[in-house]
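What follows is each chain in one-letter form.
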There are 2 protein chains.
Amino acid sequence: MKRIGYVGLGIMGTPMALNLIKAGFDLTVWNRTEAKAKDVLDAGASWAESPAEVAEKVEAVCINVTDTPDVEDVIFGKHGIVEGNPGDTAEMVVIDHSTISPASTRLFAERLAEHGVDMLDAPVSGGDVGARNGTLSVMVGGKRAVFERCSLIFKAVGKAITHCGPNGAGQATKACNQVLCAVNLMGVCEAMALAQREGLDLEKMLAVTTAGAGGSWSLANLGPQIAEGDMKPGFMIDLINKDLNIVQAESTGLNLPMPATGLARDLLRAAAISGHGRDGTQALSRVFEKLGGFTYHE
Amino acid sequence: MKRIGYVGLGIMGTPMALNLIKAGFDLTVWNRTEAKAKDVLDAGASWAESPAEVAEKVEAVCINVTDTPDVEDVIFGKHGIVEGNPGDTAEMVVIDHSTISPASTRLFAERLAEHGVDMLDAPVSGGDVGARNGTLSVMVGGKRAVFERCSLIFKAVGKAITHCGPNGAGQATKACNQVLCAVNLMGVCEAMALAQREGLDLEKMLAVTTAGAGGSWSLANLGPQIAEGDMKPGFMIDLINKDLNIVQAESTGLNLPMPATGLARDLLRAAAISGHGRDGTQALSRVFEKLGGFTYHE
């Protein structure tokens, strides 16, 4: 594959598209707001007037939009990808890098198959830094043969690339990852709340616990930011809330109790209500401060 | 310091006392059940008939018993350590390796000071394996000068030795550690429940998430055990429940809401009620299986 389409040039899509160009792919792009395509067009990509027009010119279309309805719209909506699909002989693939519903992903894959189009769900983790450096973790769901056909695309944007299983398995793995991030973060905020109220030196507490059985990525990376009151976003409250809404819908569909995720979701929602939606997820600590009537740093 | 007392020769105390003997200390020991002192006596320790008699013969007494009332009893009870204390000129130190209440620890330290005795709280983490290998993490609270005076004792039993702050700071740090362990474990169980119900390959999900922002000690170490149905204890449900009861009492005393720990405690209590008290903490997964009507491995 040489000719690739890219739909959705936001904070993740732009650096990923640039890495595809660097890797030698011939890119045709579309974005709802054309102005945001400037960096990618300057780097040599061609503009198309719609997802349909993108699909007419390429062998695979990467999608990187926000939520489930956005993905549905660019694939199946007016001037969507399926309208531009050149037909099943062309072996067209839709690669969805967005983080959306696993259940909807399976339905989208079935509907695309009726149009002779293969689909891979391929949500990523690693943030905009990982996107720029091409070091994302890519969790892929779909047929193994299709995954292998697209492997050079994944290698251009990511480092740890895993075929997780059939359609939806990439999104389901990402959902599990977000559950772990949210619950671990909640534990970090709560342990640090206890530490603060006990009068401990937070840095010492973090150093001791990070090295032991209480350690986690969240503790090592977000703990010090909480101690310093640094709320700069690595990953935003609004985005983890979007992802946890996906988990909530999924757990409802599966009839699976998820009490810890439910609690984390409510507290993270409170963080957004308090105005921290565009802060980093560590701003969950602000909710614990309000709950407990204290501050982590004095 | 050369002459050390050891009170409490259980699964942790015995290997720690043996490491002190190996390091050249002259040990006098007492244990409620004398028979359990055999290994330590065979290695060269002397027996005393009570904690008081231990205290008469040594410069520092290490305590390693189960809970707060046990510590109070061996220090202040009949034939307790203070009865045998040779007086303030001797600069006697009580080193408590048990995991007990931070608030009670501060009171014990004050009461001991009235007898001219210094106290260090020095709970450990690393389990019986760490105790045997002398690689425990030791979290110490108390006066820095006293801590430094006892440093060779700590070096004989542990590897990462931290002076966390004044009396109680070691226990408070341990409490934070147990909060992190419990909440992280709850997240692992819940993410794996979602993975199982989504039909994911658990090993692949664990590999992907362990390497990323969802990673934790619990995920890396207990996740595979849950996937394999291995409930062998590294650290027992009954013991983390004891520790979380300490956290509960502490949070009540501090008037601090700890919703995640409260949830974890209830679910871990359910694990004990279901007969998993002497299984490893990963048996919390059995509670999630009952809640969700599934099994992690089929």
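**Comments concerning the domain arrangement of chain A**
Often, the extent of an interface is quoted as the loss of accessible area upon association of its parts. Residues and elements named next belong to chain A. Per the domain assignment, the segments of chain A are domain 1 (3-165) and domain 2 (173-292). In this structure, domain 1 and domain 2 have C-alpha centres spaced 30 Å apart. Listed per partner, the contact involves 14 residues of domain 1 and eight residues of domain 2. Of the roughly 860 Å² buried between domain 1 and domain 2 on both sides combined, carbon and sulfur atoms contribute 62%. Of all residues in domain 1, the largest losses of buried area upon contact with domain 2 belong to Thr99, Pro102 and Met139, amounting jointly to 45% of the total for that side. Counting across the domain 1 and domain 2 interface gives one salt bridge. Of the charged contacts, one joins Glu250 and Arg106 as a salt bridge, the two residues approaching to 3.9 Å between their closest N and O atoms.

**Concerning the interface of chain A and chain B**
Across the contact, 58 residues belong to chain A and 58 residues belong to chain B. Carbon and sulfur atoms supply 69% of the area buried between chain A and chain B, which totals about 4,800 Å² over both sides. On the surface where chain A and chain B come into contact, there are two salt bridges. Residue Arg106 of chain A pairs with Glu198 of chain B through a salt bridge whose shortest N-O separation is 2.6 Å. It is helix α10 (residues 169-197) of chain A that provides the largest number of residues to the side of chain A that touches chain B, a total of 20 residues. Among the residues forming the side of chain A that touches chain B, the class breakdown is 35 nonpolar, 16 polar and seven charged.

**Here's the deal with unusual backbone geometry**
At His79 of chain A, a position not held by glycine, the phi torsion is positive, near 55 degrees. When you line up the elements, His79 of chain A lands in the loop between α4 (68-76) and α5 (81-84). When its relative accessible area of 42% is taken as the criterion, His79 of chain A is described as partly exposed. A positive phi angle, close to 55 degrees, is found at Asn255 of chain B, a residue other than glycine.

**Looking at the environment of Ala172 of chain A**
Tracing the chain through its elements places Ala172 of chain A in helix α10. On a C-alpha basis, the gap between Ala172 of chain A and Pro123 of chain A in space is 9.5 Å, while along the polypeptide they are 49 residues apart. If near-sequence neighbours (up to four positions away) are discounted, Ala172 of chain A is found in contact with Pro102 and Arg106 of chain A together with Glu198 and Leu200 of chain B.

**Side note on the pairing of strand β8 (residues 136-141) of chain A**
All names here are of chain A. Extensive coverage of β8 is indicated by the burial of six of its six residues. Here β8 shows a buried face lined by Leu136, Val138 and Val140 and a second buried face lined by Ser137, Met139 and Gly141. Bridge analysis of strand β7 (residues 124-125) against β8 gives two bridges, and the strand direction is antiparallel. Looking at the pairing, Ser125 lines up with Ser137 of β8. Two elements, β8 and strand β9 (residues 158-165), share six bridges in a ladder whose sense is parallel. Within β9, the residue paired with Leu136 across the bridge is Gly158.

The rules behind each value
Residues numbered from 1 in each chain as written. Chains lettered and ligands numbered in written order. Predicted model: local features only at pLDDT ≥ 70, side-chain atom pairs only at ≥ 80, totals over all residues. Heavy atoms only, no water. Domains from an automatic or database assignment. Contact = heavy atoms within 4.5 Å. Buried area = accessible area lost by both parts, 1.4 Å probe. Salt bridge = Lys/Arg side-chain N within 4 Å of Asp/Glu carboxyl O. Helix = DSSP H or I, 4+ residues; strand = E, 2+ residues; numbered from the N terminus. Nonpolar A, V, L, I, M, F, W, Y, C, P; charged D, E, K, R; others polar. Buried < 20%, exposed > 50% of the residue type's maximum accessible area, 1.4 Å probe, protein only. Pairing = 2+ DSSP bridges.

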